[in-house]
Every structure is written in structure tokens, then in C-alpha cells.
Amino acid sequence: MRQLMLSRRSLISTASVLLASTILPPEATAKRRPQPPAGQVYLFRGLADIFSTGLNTLGKQLAAEGIDAQVLSLPNAARFAREIADRYRQSKQARPIILIGHSLGADVTFSIATALQPLKIPVGLIISFDPTGKGPVPSNVRKTINFYTGGGNMWAPVIPAPGFRGDLANINVRQGEAAVKGIGHFNIEKSPELHARAIKEVKAALRRR
């Protein structure tokens, strides 16, 4: 008798599962996919879009990771900062702000961040590939990673602006443990090793939001 009751319960349970799978819509029974990371992620090419094609590749790699990254030509920093600020205020999904650039495009990441400072808009991450200037990195930036190949006044370490308390890493990719064979100003943004590091940092910044 006990075995018969257990069998009936098993049959009822199985029938209930089958019935639910036929009545409920597919989206209700399918496993939920994780939402793609939020934020504003911008990549800025250098002069005339000629020498920064590696950022196109990096943008596609970020998109493959589910990250909505826009690869752009050099914008007007002040105007673009206002557009970023408007999006930031309108939606929490537009946070954090991540800026990536090469050469003159690296310079513009610091210009945009500086323009965001009086608007009281924080920048979660800047990744710069061989900027032509030395920043500076304003105090509203949480973390900056600067990959550089030279020294002196061009393609050099960037400096913090007064009041900066974030993380700043200047990484010489021609020397020491971080050295990349055959790297220079015109291919630094194409390096697979640096792409991998950049993607890792972008993901971490998005999780911190």
C-alpha cells in the first residue's frame, strides 16, 4: 500500500512538471541569462583615425564580452563631457564611466575627465595608450592605467592633478616585467597582451559600480 501511494505521488509530480512546461511560455521556463554590464565605455582613436585601429579590435572584443563599448573619433571634450554627464544623471545604468584612448585619443580621456570634474561626475577608469601629454589625471578619476613606450615629454608617464587620491599606474611596456617585444607608439594599442589587461580592468570597473 505504501509503495502504491509513493508511486501515485511520483506520477502526480511528474505530470505537474510536464503540464507546466506545456502551459508556461518558453521565456518563463528558460534559464535566465545574466544581464550585460552597465556603464558608459568609450574608446577614442588618435589623429585622423589612421594610427589607432587596434581600438576597433578592442571595441569588438569588449562587445563579445557583453560590454557596450563605443569606438569614436576625437570629440570636443567639453561638449562630450556634458553628454556623458546627462546620461550619468538620467540612469544608474549609465554608471560607471570608462574612458580608453590612444595617442591624442588618450589625451582626450584626461580632457573629458577634467571637464566632468566641475559637473561633479566621477570617472571609474581611464586606460591610456601612449598619450602625447602628461595628463594630468583629475581628482574625480578613481583609477588610471597608463601604458607608455617613451619618456621625457611625449609617450611618457602621466601625472596626478592636485587633490588626486585615486589609483594611478604608469606602466612602461618597453622595460622590466611589463615589456612587450617589438612594441612602439604605432602598435601599442594593437597588443593582444594589453588588450587582455584592458578587458580585465574594464570588467572590474563595471563590477565596482
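Presented here is an overview of the structure given in this document. None of these values were measured; they are calculated from a predicted model.

Structural notes on the sheet that holds strand E2 (residues 69–72)
Now for step 1: Read from one edge of the open sheet, 6 strands run E2-E1-E3-E4-E5-E6, paired in parallel fashion. Where the open sheet ends on each side, the last strands, each with one partner, are E2 and strand E6 (167–172). Mean inter-strand twist for the sheet, computed between neighbouring axes without regard to direction, equals 10 degrees.
Now for step 2: Examined bridge by bridge, strand E4 (residues 125–129) and strand E5 (residues 143–148) share 4 bridges and lie parallel to one another.

A look at the packing of helix H4 (residues 77–90) against helix H5 (residues 104–116)
Now for step 1: Axis separation between H4 and H5 bottoms out at 8 Å; the angle between their running directions is 60 degrees. By the angle between their directions, the pair H4 and H5 is classed as oblique. Crossing angle aside, the handedness with which H4 passes H5 is right-handed. Here Ala-77, Ala-78, Phe-80, Ala-81, Ile-84 and Ala-85 of H4 come into contact with H5, specifically with Val-108, Ser-111, Ile-112, Ala-115 and Leu-116.
Now for step 2: Split by residue class, the contact of H4 with H5 holds 10 nonpolar, 1 polar and no charged.

A short note on the packing of helix H3 (residues 54–64) against helix H6 (residues 192–208)
Now for step 1: Contact geometry for H3 and H6: axes closest at 11 Å, N-to-C directions at 45 degrees. In this view, H3 runs oblique relative to H6, as classed from their interaxial angle. Between H3 and H6 lies a crossing of right-handed hand. For the pair H3 and H6, the contacting residues are Gly-54, Thr-57, Leu-58, Gln-61 and Leu-62 in the first and His-195, Ala-198, Ile-199 and Val-202 in the second.

Topic: a nonpolar patch on the surface
Now for step 1: A surface patch of nonpolar side chains, about 550 Å² in accessible area, is lined by Leu-47, Ile-50, Phe-51, Leu-74, Leu-104 and Phe-186.
Now for step 2: Looking at the secondary structure, you find Leu-47 in the loop between strand E1 (40–44) and H3.

Examining the layout of surface pockets
Now for step 1: One number sums up the size of the largest pocket: a volume of about 180 Å³.
Now for step 2: In terms of lining, the largest pocket is formed by Tyr-88, Lys-92, Arg-95, Pro-96, Ile-97, Pro-122, Val-123, Gly-124, Arg-142, Ala-205, Arg-208 and Arg-209.
Now for step 3: Split into classes, the residues belonging to the lining of the largest pocket amount to 6 nonpolar, 1 polar and 5 charged.

Some remarks on the side chain of Asn-146
Now for step 1: Looking at where Asn-146 falls in the secondary structure, it is placed in strand E5.
Now for step 2: A relative accessible area of 0% means that Asn-146 is categorised as buried.
Now for step 3: Within polar-contact distance, the side chain of Asn-146 engages the side chain of Ser-128 at 2.7 Å.
Now for step 4: Of note is the side chain of Asn-146, whose polar atom sits 3.1 Å from the backbone oxygen of Ala-156.
Now for step 5: Filtering out sequence-adjacent residues up to four positions away, Asn-146 remains in contact with Ser-128, Asp-130, Pro-131, Ala-156, Pro-157, Val-158, Ala-169, Asn-170 and Ile-171.

What counts and how
Residues numbered from 1 in each chain as written. Predicted model: local features only at pLDDT ≥ 70, side-chain atom pairs only at ≥ 80, totals over all residues. Heavy atoms only, no water. Pairing = 2+ DSSP bridges. Helix = DSSP H or I, 4+ residues; strand = E, 2+ residues; numbered from the N terminus. Axes fitted to C-alpha atoms, helices over the stretch in contact; angles between N-to-C directions. Parallel < 35°, antiparallel > 145°, perpendicular 65-115°, else oblique. Left-handed = near helix turned anticlockwise from the far one by under 90°. Contact = heavy atoms within 4.5 Å. Nonpolar A, V, L, I, M, F, W, Y, C, P; charged D, E, K, R; others polar. Patch = residues over 30% accessible without salt bridge, like charges linked within 9 Å, V, L, I, M, F, W, Y side chains within 5 Å. Areas by Shrake-Rupley, 256 points an atom, 1.4 Å probe, with all protein chains shown as cover. Salt bridge = Lys/Arg side-chain N within 4 Å of Asp/Glu carboxyl O. 1 Å grid on protein atoms, 1.4 Å probe; cavity = no way out; pocket = protein on both sides within 12 Å on 5 of 7 lines; lining within 4 Å. Points joined across faces, edges and corners; volume = space filled by probe spheres on them. Buried < 20%, exposed > 50% of the residue type's maximum accessible area, 1.4 Å probe, protein only. Polar contact = N/O pair within 3.5 Å; in protein donor to acceptor, adjacent residues only side chain to side chain.

Don't take any of this as a statement about function, it's just geometry.
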